[in-house]
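# Commentary on secondary and tertiary structure
Each chain, written out:
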Amino acid sequence: MSSAAEPTASPRPPDSGTEAPFALPRGAAMPPAANDAAAFSPMPSRTALVLAFAAIYIIWGSTYLGIRVAIETMPPFAMAAARFIIAGAILFAFQRARGAAAPTARQWGINAIIGTFLLLGGNGLVAWAEQFVPSGVTALLIGVQPLFFVLTEWAWPGGSRPTPITAVALLLGFAGVAWLAAPWAQSTHGGLNLQGVLAILSACVFWAFGSIYSRHARHGADPLLASSLQMLSGGLALTLAAGLHGELGHLDLAAVSTRSWIAFVYLVGFGSLVGFSTFVWLMLHSTPARVSTYAYVNPVVAVFLGWLILHEPITSRTLVASVVIIAAVVIITMEKNKATAKPAT
């Protein structure tokens, strides 16, 4: 869910919109894939690559914890709205200062649709759900997002049918979700809040739809500028949701704790800007298959940090479900990479 994962197999042209590997954490709007500029970029040092991977592993894995702490005293939709409006404004100003062309009405419109699906439907529902579902478990549920990508791609006009191995992985992944959520058990006996779980799974659907729509939407905007437009428009959609949810009328900034403010600043600065920029850099200097490994690592980091800092329990049910879900994601990712690596005939 930041804190803002389907492996991109090949570079995409600058006018093709933006695209991310499978389940992008809830920290940013759709980032660009690598482009032809990578061919002319100097090879970075091993140390730089290690630090960059560590950054997206740890920063994006920690954003679920950041959301949970921020909404302790901040209303979820209003928090997410402010986060993305601030991050989007910073990124927009930075791109314009670098000479990016002013966006057209068409570019605003397309990216507003993408931003609404990703940040209102995706991030907003996750922030709301974390009121009821532990941050580590939220990350594990978000980890099944590749399953929704496969299903959405299949349903999309001209989409590809899952391979038999992918179909088995889909069943395995949803079995892991069912075991983790335990809808047959009461929350006091190991089950999760059903509303929260459904909100998180709905967020996965919105994120998959918005991501795949972004592949087909041709708007011609610079990828980073497009991401800023998505953050700004998504932030406005979240503001509307906050108003409809009654959050704005009861917002009391004096009641926000220092702990929540620190988490909020972390989400804006590290989750949405540093983590996103690092991801873009890695997509230029590493392979999409390697970069997409954060989809396996982030849930592990989130579960550990939730246990360490918020004392969220790690039960045998959580451990078994983690292994099943991550195994399903690994299988789907490997199948995707295998399919995209085949030469065209």
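Provided above is the structure to which this section pertains.
This section reports on the structure supplied with the text. (Residues numbered from 1 in each chain as written. Predicted model: local features only at pLDDT ≥ 70, side-chain atom pairs only at ≥ 80, totals over all residues. Heavy atoms only, no water.)

### Focus: the environment of Ile-331
Convention followed: Secondary structure is summarised from DSSP: a helix means a run of H or I of at least four residues, a strand means a run of E of at least two, and numbering begins at the N terminus for each. Partly exposed describes any residue whose relative accessible area lies between the buried limit of under 20% and the exposed limit of over 50%, with all areas from a 1.4 Å probe on protein chains only and scaled to the type maximum. Residues are treated as being in contact if the distance between any of their heavy atoms lies within 4.5 Å.
By the secondary structure assignment, Ile-331 is in helix H12 (residues 316–341). Relative accessible area serves as the criterion here: at 29%, Ile-331 is assigned to the partly exposed category. Along the chain, Ile-331 and Leu-172 lie 159 residues apart, while their C-alpha atoms are 9.9 Å from each other. Sequence-distant contacts of Ile-331, that is, excluding residues within four places in its chain, are made with Ile-165, Ala-169 and Leu-172.

### Looking at a nonpolar patch on the surface
Selection criterion: Residues forming no salt bridge and having over 30% relative accessible area are the ones grouped into patches, like charges within 9 Å of each other and nonpolar side chains (Val, Leu, Ile, Met, Phe, Trp, Tyr) within 5 Å. Computed with the Shrake-Rupley method and a 1.4 Å probe, the accessible areas treat only the protein chains shown as cover for residues. Within this document, salt bridges are pairs made up of a side-chain nitrogen of Lys or Arg and a carboxyl oxygen of Asp or Glu, the two lying within 4 Å of each other.
Together, Phe-304, Trp-307, Leu-308, Ile-309, Ile-314 and Leu-319 make up an exposed nonpolar region whose accessible area comes to about 570 Å². At four residues, helix H11 (residues 294–310) tops the list of elements feeding residues into the nonpolar patch. Looking at the element boundaries, Trp-307 is found in helix H11. On the basis of relative accessible area, Trp-307 is assigned to the partly exposed category, the value being 43%.

### Thoughts on the packing of aromatic side chains
The line we're drawing: In this analysis, rings of Phe, Tyr and Trp, with Trp reduced to its six-membered ring, are considered paired at centre separations within 6.5 Å, and the interplanar angle assigns stacked below 30 degrees, edge-to-face beyond 60, and tilted for intermediate values.
Counted by the stated rule, this structure contains 10 aromatic pairs. For the pair Trp-128 and Phe-132, a centre-to-centre distance of 5.0 Å together with 65° between the ring planes defines the contact as edge-to-face. Residue classification places Phe-132 among the partly exposed positions, given a relative accessible area of 37%. A ring pair is formed by Trp-156 and Phe-209, whose centres lie 5.2 Å apart and whose planes are at 50°; its orientation type is tilted. Of the two residues, Trp-156 is situated in the loop between helix H5 (145–155) and helix H6 (164–181) and Phe-209 in helix H7 (residues 194–216); the sequence distance between them amounts to 53 residues. According to the relative accessible area criterion, Phe-209 is partly exposed, its value standing at 32%. Among the aromatic residues, those joined into a cluster by ring pairs are Phe-117, Trp-156, Phe-206 and Phe-209.

### Remarks on H6
Going by this rule: Residue count minus one, scaled by 1.5 Å, sets the expected span of a helix. The directions from the helix axis to the C-beta atoms form the arc being described.
Helix length check: H6, at 18 residues, gives a terminal C-alpha distance of 26 Å against a target of 26 Å (1.5 Å per residue), a fit within 8%. All of the buried residues along H6 are Thr-166, Ala-169, Leu-170, Gly-173, Gly-176, Val-177, Leu-180 and Ala-181. For H6, the angular spread of the buried residues around the axis is 125°, confining them to a single face. Exposed residues pointing more than 90 degrees away from the buried face of H6 are listed as Pro-164, Val-168 and Leu-171.

Shape descriptors only; they carry no functional weight alone.
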